[in-house]
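# A closer look at the structure
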Amino acid sequence: MKQLMSDYENGKPAVDQKTDDGLQALANLWQQAPVAVPVPEAIRAQVGKQERRMRLYAWFEWIASILVGVGSVYLMLISKVDDAPWRALLVVVLLVWAMAFSVSNRRGVWEPLEESVRGYLDLLRLRLARKRRMLRFAWLFFIAELVILAVWQWMSVYGWLEPVFDGDGRFAFTWISVFALAMGAWSVWYWRQINSGEQQISKWQRENIE
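Okay, so let's go over this structure. (Residues numbered from 1 in each chain as written. Predicted model: local features only at pLDDT ≥ 70, side-chain atom pairs only at ≥ 80, totals over all residues. Heavy atoms only, no water.)

### Focus: a nonpolar patch on the surface
Taken together, the side chains of Ile143, Val147, Val151, Trp154, Val157, Tyr158 and Trp160 present a nonpolar region at the surface, about 770 Å² in accessible area. Mapped onto the elements of the fold, Trp154 is located in helix α5 (residues 117-157). Exposure remark for Trp154: the relative accessible area of 47% places this residue in the partly exposed category. (Patch = residues over 30% accessible without salt bridge, like charges linked within 9 Å, V, L, I, M, F, W, Y side chains within 5 Å. Areas by Shrake-Rupley, 256 points an atom, 1.4 Å probe, with all protein chains shown as cover. Salt bridge = Lys/Arg side-chain N within 4 Å of Asp/Glu carboxyl O. Helix = DSSP H or I, 4+ residues; strand = E, 2+ residues; numbered from the N terminus. Buried < 20%, exposed > 50% of the residue type's maximum accessible area, 1.4 Å probe, protein only.)

### Side note on the side chain of Ser65
Within the fold, Ser65 resides in helix α3 (residues 41-78). At 2.7 Å, the side chain of Ser65 forms a polar contact with the backbone oxygen of Glu61. (Polar contact = N/O pair within 3.5 Å; in protein donor to acceptor, adjacent residues only side chain to side chain.)

### Considerations on the packing of α3 against helix α4 (residues 84-105)
The N-to-C vectors of α3 and α4 enclose an angle of 170°; their axes lie 8 Å apart at closest approach. Classified by the interaxial angle, the pair formed by α3 and α4 is roughly antiparallel. Counted together, Glu61, Trp62, Ser65, Gly69, Ser72, Val73, Met76 and Leu77 of α3 and Ala84, Pro85, Arg87, Ala88, Val91, Val92, Leu95, Met99, Ser102 and Val103 of α4 form the full contact between these two elements. Of the residues in the contact of α3 with α4, the class split is 12 nonpolar, four polar and two charged. (Axes fitted to C-alpha atoms, helices over the stretch in contact; angles between N-to-C directions. Parallel < 35°, antiparallel > 145°, perpendicular 65-115°, else oblique. Contact = heavy atoms within 4.5 Å. Nonpolar A, V, L, I, M, F, W, Y, C, P; charged D, E, K, R; others polar.)

### Focus on the packing of aromatic side chains
If you walk through the whole model with that rule in mind, you get 12 aromatic pairs. For the pair Trp97 and Phe137, a centre-to-centre distance of 5.3 Å together with 80° between the ring planes defines the contact as edge-to-face. Placement of the pair is Trp97 in helix α4 and Phe137 in helix α5, with a sequence separation of 40 residues. Relative accessible area serves as the criterion here: at 35%, Trp97 is assigned to the partly exposed category. The class of Phe137 is buried, set by a relative accessible area of 12%. Geometrically, the ring pair formed by Trp97 and Phe141 is tilted, given 5.4 Å between the ring centres and 45° between the ring planes. (Phe/Tyr/Trp six-rings, centres within 6.5 Å; stacked < 30°, edge-to-face > 60°.)

### Description of the packing of α5 against helix α6 (residues 170-208)
Contact pair α5 / α6: the axes reach a minimum separation of 10 Å and the direction vectors enclose 165°. The angle between α5 and α6 places the two elements in the roughly antiparallel class. In this structure, α5 crosses over α6, and the sense of that crossing is left-handed. The class makeup of the residues in the contact of α5 with α6 is 20 nonpolar, six polar and four charged. (Left-handed = near helix turned anticlockwise from the far one by under 90°.)

Printed below as a string of structure tokens:
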């Protein structure tokens, strides 16, 4: 008791620090832990704006695909061409392929993995990567359609299928060329939008993380 009173009078703790059950060590770790940076409103707003746009595009794709698919199959089946069932089947296969890609390409791009600046920026980068993937698929889908049309037209020469294009096909070739040019112009614009988004993400990272 005298020792405790002596320690108290000398300003020393009356209880050994070894018996604090590690509370002091936890306090030190808490003081050294980095403070979480709140997500800026500009980043949240950008993520929310993209999400609303993505949902709108998804609804539009599904509605347009159903209308185009049902309408095309109906018109082909009531037509007088002998290979109408094959044409209808081809339309269904292409639509299923396109919609399957659309669903898989949007998987995991709705919410950030963590509520932090890094989590939101990673989500924005993932969305840009999916946009590049979508652009590549659009060209692959277009080229696949051209190959199918060319093979179909070639098979019609031997009477195996009905010709897709009447006459020498100049009218169809003109419209395909116009569509390809328009798609090329859109692709250039879309690619620039992606690069602009990358620059904005890098700016946000420098301002909030680095």
